[in-house]
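So the chains spell out like this:
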Amino acid sequence: MFEIIISILVLIGAFFTLVGSIGLAKLPDFFTRLHGPTKATTLGVGAILIASSLYFFVFKDEISLHEILITLFLFITAPVSAHLMAKAAIHIKKNEDKKLSNDK
Amino acid sequence: MLEFILPVAFTMVAIALILNLYRVIVGPSVADRILALDTLSINSIAILIMLSLYLGNTLYFEAALLIAVMGFVGTVALSKYLLRGDIME
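A quick note: this is a predicted structure, and the numbers were derived from the prediction, not measured.

About the thresholds
Numbering of residues starts from 1 in every chain and runs along the sequence as written. All chains are assigned letters beginning with A, and all ligands numbers beginning with 1, in the order in which they are written. Where totals are concerned, whole chains, interfaces and linings use all residues; where local detail is concerned, this predicted model gives features only for residues with pLDDT of at least 70, and gives and counts side-chain atom pairs only at 80 or more. Values reported for side chains reflect all heavy atoms of the structure, with hydrogen atoms and water molecules removed beforehand. Criterion for a salt bridge: a side-chain nitrogen of Lys or Arg within 4 Å of a carboxyl oxygen of Asp or Glu. Only runs of H or I of at least four residues qualify as helices and only runs of E of at least two qualify as strands under DSSP, and these elements are numbered from the N terminus. Each residue is assigned to one of three classes by its accessible area relative to the maximum for its type, calculated with a 1.4 Å probe on protein chains only: buried under 20%, partly exposed between the two thresholds, exposed over 50%. In what follows, a contact means two residues having at least one pair of non-hydrogen atoms within 4.5 Å. Reported buried area values correspond to the accessible surface (1.4 Å probe) lost by two parts on association, with both partners' losses combined. Counted as a polar contact is a pair of N or O atoms within 3.5 Å, where, for protein atoms, one must be capable of donating a hydrogen and the other of accepting one, and residues adjacent in sequence contribute only when both atoms are in side chains. Put simply, Ala, Val, Leu, Ile, Met, Phe, Trp, Tyr, Cys and Pro go in the nonpolar bin, Asp, Glu, Lys and Arg in the charged bin, and everything else, Gly too, in the polar bin.

With respect to the pattern of salt bridges
Now for step 1: As enumerated under the stated definition, the model contains one salt bridge over all chains in all.
Now for step 2: Of the charged contacts, one joins B:D32 and A:R33 as a salt bridge, the two residues approaching to 2.5 Å between their closest N and O atoms. One end of the pair, B:D32, is in helix α2 (residues 30–55); the other, A:R33, is in helix α2 (residues 30–33), on a second chain. Take B:D32 and A:R33: they sit in the same class, and that class is buried.

The structure is reproduced here in structure tokens:
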């Protein structure tokens with residue numbers, strides 16, 4: 001019973017990780033590319049971490065706090081890094097536009 | 001059941017890592033490369049956790065935690081460098 005739940009969670013996690021990376025590779029613009037990994041990949045890693053936590057709790061009889069630590073850290077830091085990367089990309093784009101208008 | 005599912009999941013995450021590597025190499029701007037490196041670190045956390053599930057060994061969580069911390073610090077440092085031309089002011 002628990003094995004089926006863990007397998008489904010691992011499959012969901014791997015699927016969303018793959019979808020986020022396909023979005024990163026296929027989408028045309030930086031700001032659309034930012035959307036894929038920051039949401040889908042974080043969700044995928046979250047599902048895999050829940051599966052791992054459940055596995056070690058059910059089959060090995062040990063409560064491991066590492067997964068909870070990694071989940072907390074990822075869910076706190078993913079929006080911060082996405083925000084900083086978006087700011088950096090806007091900065092680069094502004095500089096390029098300024099150069100173009102000077103060249104005219 | 002888990003030993004049949006895990007190789008499939010390994011393959012999917014490995015394809016995801018190859019796609020991220022493609023974006024690191026091709027990516028037109030520097031911001032694209034930083035985003036691809038950040039995604040690469042998050043996906044490598046996923047593949048390490050799945051490896052620890054496959055082997056039944058909790059030793060790999062420390063490595064995953066280190067990759068998470070170092071990936072975040074690297075992303076913040078590179079973005080700050082792009083924004084200001086300097087990491088610490």
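Once you've had a look at it, read on.
Some remarks on the interface of chain A and chain B
Now for step 1: Between chain A and chain B, the residue contacts involve 46 residues of the former and 46 residues of the latter.
Now for step 2: Carbon and sulfur atoms supply 82% of the area that chain A and chain B bury against each other, a total of about 4100 Å² over both sides.
Now for step 3: If you sort the residues of chain A by the area they bury against chain B, A:L24, A:I70 and A:M85 come out on top, with a joint share of 13%.
Now for step 4: Linking chain A with chain B are one salt bridge.
Now for step 5: Our count for the chain A to chain B interface comes out at seven residue pairs in polar contact (both at pLDDT 80 or more).
Now for step 6: Among the secondary structure elements, those contributing two or more residues to the side of chain A that touches chain B are α1 (2–26), α2, α3 (35–58) and α4 (66–103) of chain A.
Now for step 7: Considering every element that reaches the side of chain A that touches chain B, the biggest residue donor is α4(A), with 16 residues.
Now for step 8: The residue inventory of the side of chain A that touches chain B, partitioned by class, reads 29 nonpolar, 10 polar and seven charged.

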